[in-house]
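Per-entry structural report
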Amino acid sequence: MTRATLSEVLQPALRDGYAVAGLVCLGWEDARAYVAAAEAEGTPVILQAGPGARAHMPLPVWAAMFHTLADGASVPVVSHLDHGTSVAECEEAIALGFTSVMFDGSRLPLDENIAQTRAITRMAHEAGVSCEGEIGFVGYAEGAASEGTDPDEAARFADETGVDAVAVSIGNVHLQTDQAAKIDRNRLARIEVVTDVPLVIHGGSGLPHDLRRDLAQNSAICKFNIGTELRMTFGVALHEAVAARRDVFDRIALLSAVEDPLTQKAREVMRGLL
């Protein structure tokens, strides 16, 4: 069994100067490919079920799938609820055996975000589960604009909630299809001075690979969430499989064709964080 909590994989990363990939999962094929990639690279992996994934497939199914993969893996595998929006949702994930939950209170007033995140963190810790929170707001490409993380608020948030990791907004954006994000290194440095917890970049697909490596090795950023970059790989591979095999109608045969390209792309992502 190699189920691991978020804290168990991020604290060594913080100490030794690398980062762990938090990979957004949408089904069996990609989740299995990501574990295969982690085993090939000898690195932990964080399997993430976000709001879109949960809308498509019930949380108990995600839990069973993640746990099956973790229990058969040779590397630590974190089963992570990404962007949980309520106490009830996080509580359900914990009851199902998720080893990590993220509560996203980033759109709440500061005091309310702190209060709710603190309550969920306590509940998680009582169950032996890690908790990630967010301060500031990471926006969306062609969507809601970001609000940069205030270092003083980050210090208070980390101290008063007891979270195991803090997601920050420093120029990163969700759903970015090019690697053109501009990271505010000054803001990051000011956050690092006043906090001592692992930091998280959401929207990691928007960062160039060399920038990810630099941040992994030379900052407190220990987790990069990667989704869009891998979805693009999945889409290209599936289109190619369908185009090349017009006579194939079996979904297992078609979807199986995406696993090797996804595994190779995930390995590239993971190597870029070490």
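Residues numbered from 1 in each chain as written. Predicted model: local features only at pLDDT ≥ 70, side-chain atom pairs only at ≥ 80, totals over all residues. Heavy atoms only, no water.

Attention now moves to the overall build of the protein chain. Scanning the protein chain from terminus to terminus reveals 12 helices and eight strands. For the protein chain, the C-alpha radius of gyration of 18 Å lies close to 19 Å, the compact-globule estimate for 274 residues. When the backbone C-alpha atoms are referred to their principal axes, the protein chain occupies close to 60 × 40 × 35 Å. The buried share of the protein chain, reckoned over its 274 residues, is 55%. Of the accessible surface of the protein chain, which amounts to about 11400 Å², a share of 52% is contributed by carbon and sulfur atoms. Averaging the locations of the 22 positively and 38 negatively charged side chains of the protein chain gives two centres separated by 4 Å. (Helix = DSSP H or I, 4+ residues; strand = E, 2+ residues; numbered from the N terminus. Rg over C-alpha atoms; globule rule 2.2 N^0.38 Å. Buried < 20%, exposed > 50% of the residue type's maximum accessible area, 1.4 Å probe, protein only. Areas by Shrake-Rupley, 256 points an atom, 1.4 Å probe, with all protein chains shown as cover. Lys, Arg positive; Asp, Glu negative; His and termini not counted. Charge placed at Lys NZ, Arg CZ, Asp CG, Glu CD.)

Helix length check: helix H10 (residues 228-244), at 17 residues, gives a terminal C-alpha distance of 24 Å against a target of 24 Å (1.5 Å per residue), a fit within 8%. Among all positions in H10, only Thr228, Glu229, Leu230, Thr233, Ala237 and Ala241 are buried. (Expected span 1.5 Å × (residues − 1).)

On to the packing of helix H2 (residues 28-41) against helix H4 (residues 59-71), then. Interaxial distance between H2 and H4 falls to 10 Å at its minimum, and their mutual angle equals 25°. Here H2 lies roughly parallel to H4, going by the angle between them. The interaxial crossing formed by H2 with H4 has right-handed handedness. In contact with Trp28, Ala31, Arg32 and Val35 of H2, H4 contributes Met65, Phe66 and Leu69. Within the contact of H2 with H4, the residues separate by chemical class into six nonpolar, no polar and one charged. (Axes fitted to C-alpha atoms, helices over the stretch in contact; angles between N-to-C directions. Parallel < 35°, antiparallel > 145°, perpendicular 65-115°, else oblique. Left-handed = near helix turned anticlockwise from the far one by under 90°. Contact = heavy atoms within 4.5 Å. Nonpolar A, V, L, I, M, F, W, Y, C, P; charged D, E, K, R; others polar.)

A word on unusual backbone geometry. Here histidine 83, not a glycine, exhibits a phi torsion of approximately 55°, which is positive. Position of histidine 83 among the secondary structure elements: in strand E3 (residues 77-84).

Turning our attention to the pattern of salt bridges. With the rule as written, the count across this model stands at 15 salt bridges. A salt bridge links arginine 185 to aspartate 214; the shortest N-O distance between them is 3.0 Å. With a gap of 29 residues between them, arginine 185 in helix H8 (residues 185-194) and aspartate 214 in helix H9 (residues 209-218) connect regions that are remote in the sequence. Using a relative accessible area of 36% as the deciding quantity, one classes arginine 185 as partly exposed. Counted as one network, the salt bridges with shared partners bring together Arg212, Glu229, Lys265 and Glu268. (Salt bridge = Lys/Arg side-chain N within 4 Å of Asp/Glu carboxyl O.)

Now for the pairing of strand E1 (residues 20-24). Each regular strand shows side chains that alternate between the opposite faces of the sheet. Of all five residues that make up E1, five are buried, and the element is covered over most of its length. Bridge count between E1 and strand E8 (residues 221-226): four bridges; the pairing is parallel. When the sheet's bridge partners are listed, leucine 23 is paired in E8 with isoleucine 226. Considered for its hand, the β-α-β crossover made up of E1, H2 and strand E2 (residues 45-49) is right-handed. (Pairing = 2+ DSSP bridges. Right-handed = clockwise from strand over helix to strand, strands pointing away.)

Let us now look at the pairing of E8. Extensive coverage of E8 is indicated by the burial of six of its six residues. Pairing between strand E7 (residues 199-201) and E8: three bridges, direction parallel. Within the sheet, the bridge partner assigned to valine 200 lies in E8 and is lysine 223. The parallel pair E7 and E8 is bridged by H9, and the resulting crossover is right-handed.

This paragraph deals with the environment of leucine 47. Tracing the backbone shows leucine 47 in strand E2. With 109 residues separating them in the primary sequence, leucine 47 and arginine 156 have C-alpha atoms 29 Å apart. Excluding anything up to four places from it in sequence, leucine 47 contacts Leu23, Cys25, Ala31, Tyr34, Val35, Phe66, Leu69, Val77, Val78, Ser79 and His80.

All chains considered together, the criterion is met by three aromatic pairs. With a centroid separation of 5.6 Å and an interplanar angle of 55°, the aromatic rings of tryptophan 62 and phenylalanine 66 are classed as tilted. One end of the pair, tryptophan 62, and the other, phenylalanine 66, are both in helix H4, four residues apart, so they sit about a helical turn from each other. The pair formed by tryptophan 62 and phenylalanine 66 is uniform in burial state, with each residue classed as buried. Ring pairing ties together the aromatic residues Trp62, Phe66 and Phe98, which thus form one cluster. Between the NZ or CZ atom of arginine 107 and the centre of the ring of phenylalanine 137, over which it lies, the distance is 3.8 Å. (Phe/Tyr/Trp six-rings, centres within 6.5 Å; stacked < 30°, edge-to-face > 60°. Lys NZ or Arg CZ within 6 Å of the ring centre and 35° of its normal.)

Let's shift gears to the side chain of histidine 67. Topologically, histidine 67 is positioned in helix H4. Among the polar contacts listed, one links the side chain of histidine 67 to the backbone oxygen of glycine 97, at a separation of 3.0 Å. Those residues in contact with histidine 67 that sit more than four places away from it in its chain are Arg3, Ser79, Leu96, Gly97 and Phe98. (Polar contact = N/O pair within 3.5 Å; in protein donor to acceptor, adjacent residues only side chain to side chain.)

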